[in-house]
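Residue strings, one per chain:
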Amino acid sequence: MAEFNTSIKEQGAVSIINLKGYLDAHTAPILENNFVELIDKKCFQIVVDFKELAYISSAGLGVFMAYIEKIRESNGDIKLSGMNDKVYNIFDLLGFPLLYEIFKSETEAVQKFTEK
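Definitions and cut-offs
Residues numbered from 1 in each chain as written. Predicted model: local features only at pLDDT ≥ 70, side-chain atom pairs only at ≥ 80, totals over all residues. Heavy atoms only, no water. Helix = DSSP H or I, 4+ residues; strand = E, 2+ residues; numbered from the N terminus. Rg over C-alpha atoms; globule rule 2.2 N^0.38 Å. Buried < 20%, exposed > 50% of the residue type's maximum accessible area, 1.4 Å probe, protein only. Salt bridge = Lys/Arg side-chain N within 4 Å of Asp/Glu carboxyl O. Phe/Tyr/Trp six-rings, centres within 6.5 Å; stacked < 30°, edge-to-face > 60°. Lys NZ or Arg CZ within 6 Å of the ring centre and 35° of its normal. Pairing = 2+ DSSP bridges. Right-handed = clockwise from strand over helix to strand, strands pointing away.

## Considerations on the overall build of the chain
Alright, step 1. Across its full length, the chain carries five helices and five strands.
Alright, step 2. Taken from N to C terminus, the helices and strands of the chain fall in the order β-β-α-β-α-β-α-α-β-α.
Alright, step 3. Its C-alpha atoms give the chain a radius of gyration of 13 Å, near enough to 13 Å, the size a compact globule of 116 residues would have.
Alright, step 4. Buried residues in the chain amount to 45% of all 116 residues.

## Details of the pattern of salt bridges
Alright, step 1. This model, assessed by the stated rule, comprises eight salt bridges.
Alright, step 2. When the shortest N-O distance is used, the salt bridge between E52 and K20 registers 3.9 Å. Of this pair, E52 sits in strand β3 (residues 45–56) while K20 sits in strand β2 (residues 14–23), and the two are 32 residues apart along the sequence.
Alright, step 3. When the shortest N-O distance is used, the salt bridge between K51 and D49 registers 3.5 Å.
Alright, step 4. Residue class for D49 comes out buried when judged on its relative accessible area of 2%.
Alright, step 5. Because the salt bridges share partners, they merge into one network encompassing R72, D77, K79, E101, K112 and E115.

## A look at the packing of aromatic side chains
Alright, step 1. Across all of its chains, the model carries nine aromatic pairs by this definition.
Alright, step 2. Taking the centre distance of 4.9 Å and the plane angle of 85° together, the rings of F91 and F96 count as edge-to-face.
Alright, step 3. Classification of F91 by relative accessible area gives buried; the value is 0%.
Alright, step 4. By relative accessible area, F96 is classed as buried at 6%.
Alright, step 5. Each residue in the set F35, F50, F64, Y67, F91, F96 and Y100 is aromatic and connected to the rest through ring pairs, giving one cluster.
Alright, step 6. The ring centre of Y100 lies 5.6 Å from the NZ or CZ of R72, which sits over that ring.
Alright, step 7. Over the face of the ring belonging to F113 we find K79, whose NZ or CZ atom lies 4.7 Å from the ring centre.

## Things to note about the pairing of β3
Alright, step 1. Where β2 and β3 come together, eight bridges link them in parallel fashion. Residue pairing across strands places I16 opposite V47, the latter belonging to β3.
Alright, step 2. In this sheet, strand β4 (residues 77–81) lies alongside β3 in parallel orientation, the contact comprising five bridges. Bridge pairing in β4 places Q45 opposite D77.
Alright, step 3. In this region the chain leaves β3, passes through helix α2 (residues 58–73) and returns to the parallel neighbour β4; the handedness of that crossover is right-handed.

Written out as structure tokens, the structure is:
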């Protein structure tokens, strides 16, 4: 099984999920658990940093679609950052840039939450 892990850190009111490895059907539940945990803690300002993500499958993409509506209903958002070209091209092909704000760096994504 491909290796995948996540870590969550807080920066003010923003929660940052760092992804590392291969996000596919076998590893997607790990990310799902991260979103459930943050929603249960009423943390709705979330940045997902892809800097160390090597691969994402359709199951991995599905995780983002599964939680975005609930998070936005709670006046939050999921912002994405640090994608390599390969991962970005997959998101772009499926129209994700129309649904999500994607930033070059985690810092830019976090700052976007404070610009209100």
